[in-house]
Amino acid sequence: MKTLITLLLTIGLSTSLMSQEITQTIRGKVIDETSEITLPGATILLIGTEPALGSITNVDGDFAIKNVPLGRYTIFISFVGYEPVTIPNVLVHSGKSNFLNVKLKESLFKLDEVVIEAEKAKDIPLNEMAAVSARVFTVEETQRYAAGLDDPSRMATSFAGVTNSSIGQNAIVVRGNAPKGVQWRVEGIEIPNPSHFAGSSTTGGGLVTILSSQVLDNSDFLTGAFPSEYGNALSGIFDMNLRRGNNQEYEHAFKAGLLGIDFASEGPLSKNKNSSYLFNYRYSTLGLIDPLLPDDANTTKYQDLSFKLNFPTKAGEFSFWGVGGNDFGKTKKDLIMDSDEWETEEDFTDQEYGFNVGATGLTHKVSLSKNTMLKTSIVASAKDAYWDYDQLDDQAELHAKSRVQTLTGTYSASSTLNHKFSSKVTNRTGVIFNQHFYDVNINEADSPGQPLTNVVLNEGSTQRWQAFTQTKVRFSESFEVVGGVHSQYLALNDQVTLEPRASMKWNFNPYKSLSIGYGNHSQMEDSKIYFVRDSNGQTPNQNLSLGRAHHLVLSYDWAINENLRLKIEPYFQYLYDVPVIADSSFSMLNFEQDWFFDQLLVNDGAGRNYGVDVTFERFFSNHFYYLITGSVFESKYKGGDDVWRNSRFNRNVAFNILGGKEWQLGASDNKWLSVNLGLTLMGGKKRSPLDEAASLVAREEILNENDAYSVSEPFIYNIDMTISYRKNKPKYSTVLSLQMKNMLGSPDYDGFEYNYREHAMLEKTSAISIPNLSYKIEF
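The numbering scheme is per chain: residues are counted from 1 as the chain's sequence reads. At least 70 in pLDDT is required for a residue's local features to be given in this predicted model, at least 80 for side-chain atom pairs to be given and counted, and no such filter applies to totals for whole chains, interfaces and linings, which use all residues. Just so you know, side-chain values use all the structure's heavy atoms and leave hydrogens and water out.

Asks: Go over the overall build of the protein chain, please, and point to the residues and values.
Replies: If you tally the helices and strands in the protein chain, you get six helices and 43 strands. Considered along the principal axes of its C-alpha atoms, the protein chain spans approximately 95 × 70 × 45 Å. Buried positions account for 54% of the 779 residues belonging to the protein chain. Any pair of residues with heavy atoms lying within 4.5 Å of one another is described as a contacting pair. For the protein chain, contacts bridging at least 24 residues in sequence account for 64% of all contacts bridging at least 6. Within the protein chain, the 92 negative side-chain charges are centred at a point lying 11 Å from the centre of the 70 positive side-chain charges. Note on conventions: DSSP H or I runs of at least 4 residues are helices, E runs of at least 2 residues are strands, and numbering of each starts at the N terminus. Any residue under 20% of the maximum accessible area for its type is buried, any over 50% is exposed, and the rest in between are partly exposed; the area is computed with a 1.4 Å probe on protein chains only. Lys and Arg are tallied as positive, Asp and Glu as negative. Neither His nor the chain termini are counted. In plain terms, the charge of a residue is placed at NZ if it is Lys, CZ if Arg, CG if Asp and CD if Glu.

Following this line, the structure appears as structure tokens:
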């Protein structure tokens, strides 16, 4: 009996201990930064583990560290002849294994000549050619930052120099530039703005992103003086990467929330060949419950799909990927037939609209030698929109007020060659071909009952060529220079640009660096701008030159300690060849969205943005972090009347404070509570004063453009929050999350509208709070 009791107690104790010890696997690949050849024999260590946990890469550069207890880790990677790197804050939980893509930089010195300290890769951009105004952001940050809503655009508003255009949209303003100046790239190729209802009210923005955090990898965000490989952007770049799926085991995730229902899956296509798949599908919650809503509730629904298939072969690595979204909206409110009962335009307006956006591509990467890598991509992308807008006249008859039908897209082919001449000199050279196609038909009536008049009508295609080269020279471990050039040719109007770029970085002591960057940049306008028709049916805007800009940035970076950093970036931008209306205050620098824009433009405008961005950041360590950013800036423009004024986006000041704390709970620390708060304070946008007399006659907003953007909207304040609770189980994990954007309902100002009952122009405001309560299970 004693033996049996002892045996049972031993088994029970062992079972209890085993049930408490939940572990996970960290996998990854270590490659050369330039040629991307694999580095077999590299050492990987988890700092601070007892006993020590680590691994060594195999002949394919792959590694696996098994039986890693749950938590956050700093990982040290080293290889003979290369500079070691540490990757901090790697989150290990039970629902999903980790995969790390590690790129090492060849050392300038042999190991017996100098002792090299590992680089702390916390905000250093993935693109080694970027010296200023660039930082990496992680997928976990888009989920953790207060009210990021898993959206890179909304998360980026926490960074210095970045503000939102409005709370209800994810459009961002970078250093006083219009949201349309931001470019999105996926897997190195420019794509249309990847947002639901993209461009519906703001060019460059939408409701929420179509890019799922389930498929994204760590990515770069750039805000000025871009390296030479980036073209066709004037204000900012999101350089997004899609991660590889798990090629060893199957993993899945299901998420239900107020914004949508998601399902994600990944796993091996063939374990013998290391191929994998990864996808995420989402359908909006509003779309699911639409049949249950009252008859007069408006319809808003969307869905999106993101995927990546990866095929390593002897001839290199092939990946087939895609992102896409589909949106639909319709007013279902009963129209008020009696015009005496009308209060606002909404009472007698009926509309239906839809948007689609997507991109898919095939990418091939191959190492041609130990010093050379070739990357080639073939991509198709497109976006389309329709908008039917009807209104009642005074006799209660419904008429078409406008009809919009647009389709634009691009077939792209690109090839980029990375070559390392030595550990000191590397070069990246590439060429990009774009075949743009378009089918645009936009019509509008002056008033209900009047015939529709064509504003834009064109169908066809044109070509654009881009080429670039850039070279990085490392004169020493503390001093490096990058120089290059980008060029564009637009066949639509035979426009050619030559855009020099250069940067320098000097680490004048182990903890402080000084950098300077310059770039000349250009950007096309939206296709509908080029095809506006004049009275003779011609399209003179087709001859517009590309808008241009000079960017100059100075950067001071001080690593106060291992986890604390201060960064100060003064900048100056001069924009020229800006499209404007002759003898008018109008400028495309202030353009947000106007589907019925019908004006003829000339390249006589200019603009200037200058200011200082300050970042004080404590990186996530010991279970907490904070980020404090501030920007003081001026944004001015010159219209076709040759007068300098405030731009629409000249908020003058923006301040953010963001922080969070994580607690590990439970007897075995398998339950994690995370609380994150954010405060945003910023000046109001500028707007033109109302011409009240003219507006009352026209029964719509008419502004005094002779005094354009002379009125400041009220100061804006936002408080955001993200709370999450994760429970780790041996075979799965669950996450309960609450995200709140604009908790206190700070209002947006949307101009003026005519009130039919009061016969007055009243200011429109919208206090939009965006909640997202969600539950996710990963298994």
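Once you've had a look at it, read on.
Asks: Describe the sheet that holds strand 8 (residues 98-106), naming the residues involved and giving the relevant values.
Replies: Two strands form a pair only when DSSP identifies at least two bridges running between them. Reading across the sheet, the four strands line up as 4-1-8-6 and stay open at both edges, with mixed pairing between neighbours. With partners counted over all chains shown, the strands left at the sheet margins are strand 4 (62-69) and strand 6 (82-83), one partner each. Of the pairings in the sheet, the one linking strand 6 to strand 8 comprises two bridges and is antiparallel in character. Looking at the pairing, Glu83 lines up with Lys105 of strand 8.

Asks: With reference to specific residues and values, describe the sheet that holds strand 16 (residues 236-240).
Replies: Strand order in the open sheet formed by five strands is 10-15-16-13-14, with mixed pairing between adjacent strands. Every interior strand has two partners, whereas the edge strands, strand 10 (134-137) and strand 14 (189-191), have only one. For this sheet, the mean angle separating the axes of adjacent strands, direction not counted, is 25°. Only the contacting stretch of a helix is used when fitting its axis, a line to C-alpha atoms as for every element, and angles between N-to-C directions run 0 to 180 degrees.

Asks: Quick rundown of the pattern of salt bridges? Include the residues and the values.
Replies: The term salt bridge refers to a side-chain nitrogen of Lys or Arg lying within 4 Å of a carboxyl oxygen of Asp or Glu. The final tally for this structure, using the stated rule, is 47 salt bridges. For Glu249, the salt bridge is made with Arg27, and the minimal N-O distance between the two is 4.0 Å. Taken together, the residues Glu249 in the loop between strand 16 and strand 17 (251-257) and Arg27 in strand 1 (residues 23-32) connect sequence positions 222 residues apart. Look at Glu249 and you get partly exposed, because its relative accessible area is 31%. The closest approach of N and O atoms between Arg565 and Glu617, which form a salt bridge, is 3.2 Å.

Asks: Help me get a handle on the nonpolar core, residues and values and all.
Replies: Core analysis: the biggest nonpolar cluster contains 33 residues, and Phe159, Phe221, Phe238 and Met240 have the highest contact counts within it. The dominant element in this core, judged by the number of residues it contributes, is strand 13 (residues 182-186), at three residues. Not counting the four nearest positions on each side in its chain, Met240 is found in contact with Phe137, Pro152, Trp184, Arg185, Val186, Glu187, Leu211, Leu216 and Ser219. Core analysis: the second largest hydrophobic core is formed by 30 residues, Phe197, Val404, Leu490 and Val532 among them. By nonpolar core we mean a set of buried residues, namely Ala, Val, Leu, Ile, Met, Phe, Trp, Tyr and Cys, connected to one another through side-chain atoms within 4.5 Å.

Asks: If you had to explain the packing of aromatic side chains to someone new, which residues and values would you point to?
Replies: Each aromatic pair joins two rings of Phe, Tyr and Trp (for Trp, the six-membered one) with centres within 6.5 Å, and gets the label stacked for planes under 30 degrees apart, edge-to-face for over 60, and tilted for any other angle. If you walk through the whole model with that rule in mind, you get 32 aromatic pairs. Within the aromatic cluster, the residues linked to one another by ring pairs are Phe137, Phe159, Trp184, Phe221 and Phe238. Counting as a charge over the ring demands two things of the Lys NZ or Arg CZ atom: a distance within 6 Å of the ring centre and an angle within 35 degrees of the ring normal. Looking at Arg175, its charged tip hangs above the ring of Tyr571, at a distance of 4.4 Å from the centre. The positively charged end of Lys528 is found above the aromatic ring belonging to Trp595, 5.0 Å away from the centroid.

Asks: Describe the side chain of Arg618, and please don't skip the residues or the numbers.
Replies: Checked against the element boundaries, Arg618 lands in strand 32 (residues 602-621). Buried within the structure, Arg618 lacks any salt-bridge partner; its nearest side chain of opposite charge belongs to Glu562, at an N-O separation of 9.4 Å. The contact partners of Arg618, leaving out residues within four places of it in the chain, are Asn563, Leu564, Phe624, Tyr625 and Tyr626.

Asks: Could you give an account of the environment of Phe197, with specific residues and numbers?
Replies: On the secondary structure map, Phe197 appears in the loop between strand 14 and strand 15 (219-222). Exposure remark for Phe197: the relative accessible area of 6% places this residue in the buried category. Sequence separation of Phe197 and Arg645 is 448 residues, and the distance between their C-alpha atoms is 31 Å. Leave out the neighbours within four places in its chain, and Phe197 touches Gly205, Gly206, Leu207, Thr300, Lys301, Tyr302, Asp327, Phe328, Gly329, Tyr353 and Phe355.

Asks: I'd love a proper account of the side chain of Glu251, names of residues and values included.
Replies: Residue position: Glu251 is located in strand 17. For this analysis, a polar contact is any N or O atom pair within 3.5 Å, provided that within protein one partner can donate a hydrogen and the other can accept it, and provided that sequence-adjacent residues contribute only side-chain to side-chain pairs. Reaching out from Glu251, the side chain makes a polar contact with the backbone nitrogen of Ser97 at a distance of 2.8 Å. Once residues within four sequence positions are removed from consideration, Glu251 is found in contact with Lys96, Ser97, Asn246, Ala264, Ser265, Glu266 and Phe779.

Asks: Give a detailed account of the pairing of strand 8, specifying residues and quantitative values.
Replies: Relative to strand 8, strand 1 runs parallel, the two sharing seven bridges. Among the inter-strand pairings, Asp32 is bridged to a residue of strand 8, identified as Leu104.

Asks: Mind laying out unusual backbone geometry, listing which residues take part and the relevant values?
Replies: A cis amide bond links Glu50 to the next residue, Pro51, at an omega of 0°. Structurally, the position occupied by Pro51 is in the loop between strand 2 (43-46) and strand 3 (53-56). At Phe197, a position not held by glycine, the phi torsion is positive, near 55°. The phi angle at Ala225 is positive, at roughly 45°, despite the residue not being glycine. Secondary-structure assignment places Ala225 in the loop between strand 15 and strand 16.

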